[in-house]
Amino acid sequence: MSTDDALLKQASIKTEDSTLVAQFDIDGAIPDSGAYVVGLMGASPDFSLQRRLCIEFMNGEAIACYSFNRDQGIEEDYDLSGVSHSENSITGSFPLTALNGLGQGHVLSAFSEADGREFQHGVPVEEAI
């Protein structure tokens, strides 16, 4: 994957009822070959609690939507019906509980991975939660 492909321009997260809706806008297109992951990394202020909310693509098609609780080592998979994407925008729905416990002053940033390697990290996230 070229570094000109699928760069995260911005990310946002908002609540809708009991759901977190994450949106990722990319410059370029979702790669049509290989693995590509976009997600959010959330942490408590001291980083003792960490969560990852991820949407994974393989050859341009969404194949997984999940959260990972790092401190407990638990991954929870979600139905792909909560994922939509166009060439340069990705939206995913996660249960509100996916970020439970991070508290006030939490840290939240977006990242992307390509073919199993970190591609981008620390992308600012606009929050409305």
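The preceding data block contains the structure.
Residues numbered from 1 in each chain as written. Predicted model: local features only at pLDDT ≥ 70, side-chain atom pairs only at ≥ 80, totals over all residues. Heavy atoms only, no water.

## As for the packing of aromatic side chains
And step 1. Inspection of every chain in the model, using the stated rule, returns two aromatic pairs.
And step 2. Aromatic side chains Tyr 36 and Phe 57 sit 6.5 Å apart centroid to centroid with 40 degrees between the ring planes, which places their arrangement in the tilted category. One end of the pair, Tyr 36, is in strand β3 (residues 35–43); the other, Phe 57, is in strand β4 (residues 50–58), with 21 residues separating them in the sequence.
And step 3. A residue is classified by how much of its surface remains accessible, and Tyr 36, at 0% relative accessible area, is buried.
And step 4. The exposure class assigned to Phe 57 is buried, which follows from its relative accessible area of 0%.
And step 5. Consider the rings of Tyr 78 and Phe 94, whose centres lie 5.9 Å apart with planes at 85 degrees: the pair is edge-to-face. One end of the pair, Tyr 78, is in strand β6 (residues 74–78); the other, Phe 94, is in strand β8 (residues 89–95), with 16 residues separating them in the sequence. Across the pair, exposure class does not vary: Tyr 78 and Phe 94 are buried alike.
And step 6. The ring of Phe 111 carries Arg 52 above its face, with NZ or CZ at 4.0 Å from the centroid. (Phe/Tyr/Trp six-rings, centres within 6.5 Å; stacked < 30°, edge-to-face > 60°. Helix = DSSP H or I, 4+ residues; strand = E, 2+ residues; numbered from the N terminus. Buried < 20%, exposed > 50% of the residue type's maximum accessible area, 1.4 Å probe, protein only. Lys NZ or Arg CZ within 6 Å of the ring centre and 35° of its normal.)

## Side note on the pairing of strand β5 (residues 61–69)
And step 1. Pairing between β4 and β5: eight bridges, direction antiparallel. Bridged to Met 58 within β5 is Glu 61.
And step 2. Between β4 and β5, which pair antiparallel in sequence order, lie two residues; one of them, Asn 59, sits at a positive phi of approximately 50 degrees.
And step 3. Where β5 meets β6, five bridges bridge the pair, whose relative direction is antiparallel. Bridge pairing in β6 places Phe 68 opposite Glu 75.
And step 4. Between the antiparallel neighbours β5 and β6 lie four residues, among them Gly 73 with a positive phi of about 65 degrees. (Pairing = 2+ DSSP bridges.)

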